[in-house]
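Working through the structure, step by step
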Amino acid sequence: MNATHHHQRAAEQSPGPSHFAGNVEMDNVVLKVNNLKTYFFTRRGVVRAVDGVSFDLKKGECLCLDGESGCGKTVTALSILGLIDSPPGRIVCGQINYDGLDLVQCSSRQLRKIRGNDIAIVFQEAQSALNPVLTVGDQIIEQIKLHRPLNYKEARRRAVELLAEMGIPSVERVMNYYPHQLSGGMKQRALIAMSLSCDPKILIADEPTTAVDVTIKAQILDTFRELKAKRQMSLLFITHDLAVVAEIGDRAVVMYGGKDVETAPVSEIISNPKHPYTAGLIACLPDVSKATDKLASIPGTTPDPLEMPPGCAFHPRCDRAMAICSQQQPPRVAVSGEHKVSCHLYG
Ligand SMILES: Nc1ncnc2c1ncn2[C@@H]1O[C@H](COP(=O)(O)OP(=O)(O)OP(=O)(O)O)[C@@H](O)[C@H]1O
Ligand SMILES: [Mg+2]
């Protein structure tokens, strides 16, 4: 790009914060995942766990990654953080742009720094990650001291603040509890507090509501909503539950077989789903207004990752499949400005 061209592009841009990550435009986008492919090279064959996923995470939004078990949600998150076990895993293609960097190309040292300061994660099944022989307070204090040059007293004060921000009652008492003395919901909130100890710009939450009951689920969703509003933090929220997406998400990426099959604002996803898979997921949502004890489900099962169907991976389960669907992968089509779908029914 020559100087004049660069100048023109800068002039064309809307006012407000913007910068480039290489040639990538990052206007209001804090994280840009482009055509990410993460494969596992196993003895049984190549698992294409993430196979061409693209999405933007914008400042202050909650973007949900949604899809059935095994579709590649966690592997997408771990790829962003540089936490894919290699071997057997490897990012074979794509870019992950953050703050002028391509995280795919970053050294493990750079990635460690980013994990400590910028992007935090609450792991799936994280509750077992708490150390059973340390008090909750000491574990949070330890995390804070890892990231901030504070002495014990200051770190302790910060830990109390974080737990209070999580809506934990009687914080001073809870600080001295061991993990087994906490309920599931309290443990989850302590873990979220811990992940916030570095004041991240991006928080990735991997199924934070899956292991808790409905009341706690509602409380945890409230906690995330408040966090997002108060901290202007970007949230990448992973869940297999579209009902949760509807409650917390601004936009959603629906994944199937390692691919992002539909991306749209949540209201669009719920009221106007385009991909037959998304439509199937919506049809499976329990409708409390209808007195039925039978839940709908999408026929068939998720594909064997080692034997992905050719063409569109969803075609064997799709009631609208056409001949082309088993032959060619559908291109990504924009049905409207912010609504994209990969399906042969469109475009
Ligand atoms: N270390 C690994 N070695 C081989 N295959 C793996 C490895 N980690 C993940 N996979 C495979 O990658 C695919 C995607 O897994 P991933 O954990 O991302 O799914 P998910 O969408 O998070 O599912 P869930 O809802 O069950 O958490 C799966 O087929 C999984 O078996
Ligand atoms: Mg997962």
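Our structure is the block above this text.
Source: prediction; values computed, not measured.

Quick look at the overall build of the protein chain now. What the protein chain contains, in helices and strands, is 11 helices and 14 strands. Here the protein chain holds 347 residues, and the buried ones make up 48% of them. Summarising the internal contacts of the protein chain: among those between residues at least 6 apart in sequence, 62% fall at separations of at least 24.

The next subject is the site of ligand 1. Taken together, 14 residues lie near ligand 1, and Ser69, Gly70, Lys73, Thr74 and Val75 sit nearest. Contacts to ligand 1 include Cys71, whose backbone N or O atom sits 3.3 Å from an oxygen atom. Here ligand 1, which alone exposes 640 Å², has 69% of that area covered by the protein. The set of elements that each furnish at least two residues to the shell around ligand 1 consists of β3 (29-42), β4 (45-58) and α2 (73-80). When residues of the shell around ligand 1 are assigned to their parent elements, the largest contribution, 3 residues, is made by α2. In terms of residue class, the shell around ligand 1 is built from 6 nonpolar, 6 polar and 2 charged.

What follows concerns the packing of helix α4 (residues 136-147) against helix α7 (residues 184-195). Their axes nearest at 9 Å, the elements α4 and α7 cross at an angle of 20 degrees. As far as their axial angle goes, α7 and α4 are roughly parallel. Crossing handedness for the pair α4 and α7: right-handed. Within the contact between the two elements, α4 uses Val136, Gln139, Ile140 and Gln143 and α7 uses Ala190, Ala193 and Met194. Classifying every residue of the contact of α4 with α7 gives 5 nonpolar, 2 polar and no charged.

A few words now on empty space enclosed by the protein. This model, assessed by the stated rule, comprises 1 cavity of 30 Å³ or more. Its boundaries defined by the atoms lining it, the largest cavity holds a volume of some 80 Å³. If you trace the largest cavity, you find 13 residues lining it, with Cys312, Cys318, Cys325, Cys343 and His344 closest to the centre.

Bringing the pairing of strand β13 (residues 332-336) into the picture now. Where β13 meets strand β14 (residues 339-342), 4 bridges bridge the pair, whose relative direction is antiparallel. Each residue of the ladder has a partner; that of Val333, found in β14, is Val341.

As a further point, take the sheet that holds β4. Spatially, the 4 strands line up as an open sheet ordered β4-β3-β6-β7, and their pairing is antiparallel. Of all strands in the sheet, those with a lone pairing partner are β4 and β7 (101-102), marking the two edges. Bridge count between strand β6 (residues 89-98) and β7: 2 bridges; the pairing is antiparallel. Counted as the bridge partner of Tyr98 is Leu101 from β7.

On to the packing of aromatic side chains, then. The tally for this structure, following the rule as stated, stands at 5 aromatic pairs. Their ring planes at 80 degrees and their centres at 5.1 Å tell us that Tyr256 and Phe314 sit as a pair that is edge-to-face. Residue Tyr256 is located in strand β11 (residues 251-256), and its partner Phe314 is located in the loop between α11 (276-284) and β13; the two are separated by 58 residues in the primary sequence. By relative accessible area, which is 3% here, Tyr256 ends up buried. Grouped by ring-pair contacts, the aromatic residues Tyr256, Tyr277 and Phe314 constitute a single cluster.

This part is about the side chain of Lys73. Along the chain, Lys73 turns up in helix α2. No salt bridge is formed by the buried Lys73. Its closest oppositely charged neighbour is Glu207, at 4.2 Å. Polar side-chain contacts of Lys73 include one of 3.3 Å to the backbone oxygen of Glu68. Residues contacting Lys73, with those up to four places away along its chain left out, are Leu65, Asp66, Gly67, Glu68, Glu207, Ile238, Thr239, His240 and Met255.

Here we take up the nonpolar core. Counting residues in each nonpolar core, the largest one holds 59 residues, and the members touching the most others are Ile192, Leu203, Phe224 and Phe237. With 6 residues, α7 is the largest single contributor of residues to this core. Both of domain 1 (22-118 + 201-284) and domain 2 (126-199) provide at least three residues apiece to this core. Beyond its immediate chain neighbours, meaning those up to four positions away, Phe224 contacts Ile192, Leu203, Ala205, Pro208, Leu235, Phe237 and Ile248. Judged by nonpolar contacts, the second largest core, of 33 residues, contains Ile84, Leu103, Ile202 and Met255.

Within the element layout of this structure, Asp51 appears in strand β4. For Asp51, a relative accessible area of 12% gives the class buried. Not counting the four nearest positions on each side in its chain, Asp51 is found in contact with Leu36, Lys37, Tyr39, Gly258 and Lys259. For Asp51, the side chain forms a polar contact with the side chain of Lys259, separated by 3.1 Å.

Each value, and the rule that gives it
Residues numbered from 1 in each chain as written. Chains lettered and ligands numbered in written order. Predicted model: local features only at pLDDT ≥ 70, side-chain atom pairs only at ≥ 80, totals over all residues. Heavy atoms only, no water. Helix = DSSP H or I, 4+ residues; strand = E, 2+ residues; numbered from the N terminus. Buried < 20%, exposed > 50% of the residue type's maximum accessible area, 1.4 Å probe, protein only. Contact = heavy atoms within 4.5 Å. Near = heavy atom within 4 Å. Polar contact = N/O pair within 3.5 Å; in protein donor to acceptor, adjacent residues only side chain to side chain. Areas by Shrake-Rupley, 256 points an atom, 1.4 Å probe, with all protein chains shown as cover. Nonpolar A, V, L, I, M, F, W, Y, C, P; charged D, E, K, R; others polar. Axes fitted to C-alpha atoms, helices over the stretch in contact; angles between N-to-C directions. Parallel < 35°, antiparallel > 145°, perpendicular 65-115°, else oblique. Left-handed = near helix turned anticlockwise from the far one by under 90°. 1 Å grid on protein atoms, 1.4 Å probe; cavity = no way out; pocket = protein on both sides within 12 Å on 5 of 7 lines; lining within 4 Å. Points joined across faces, edges and corners; volume = space filled by probe spheres on them. Pairing = 2+ DSSP bridges. Phe/Tyr/Trp six-rings, centres within 6.5 Å; stacked < 30°, edge-to-face > 60°. Lys, Arg positive; Asp, Glu negative; His and termini not counted. Salt bridge = Lys/Arg side-chain N within 4 Å of Asp/Glu carboxyl O. Core = buried A, V, L, I, M, F, W, Y, C linked by side-chain atoms within 4.5 Å. Domains from an automatic or database assignment.

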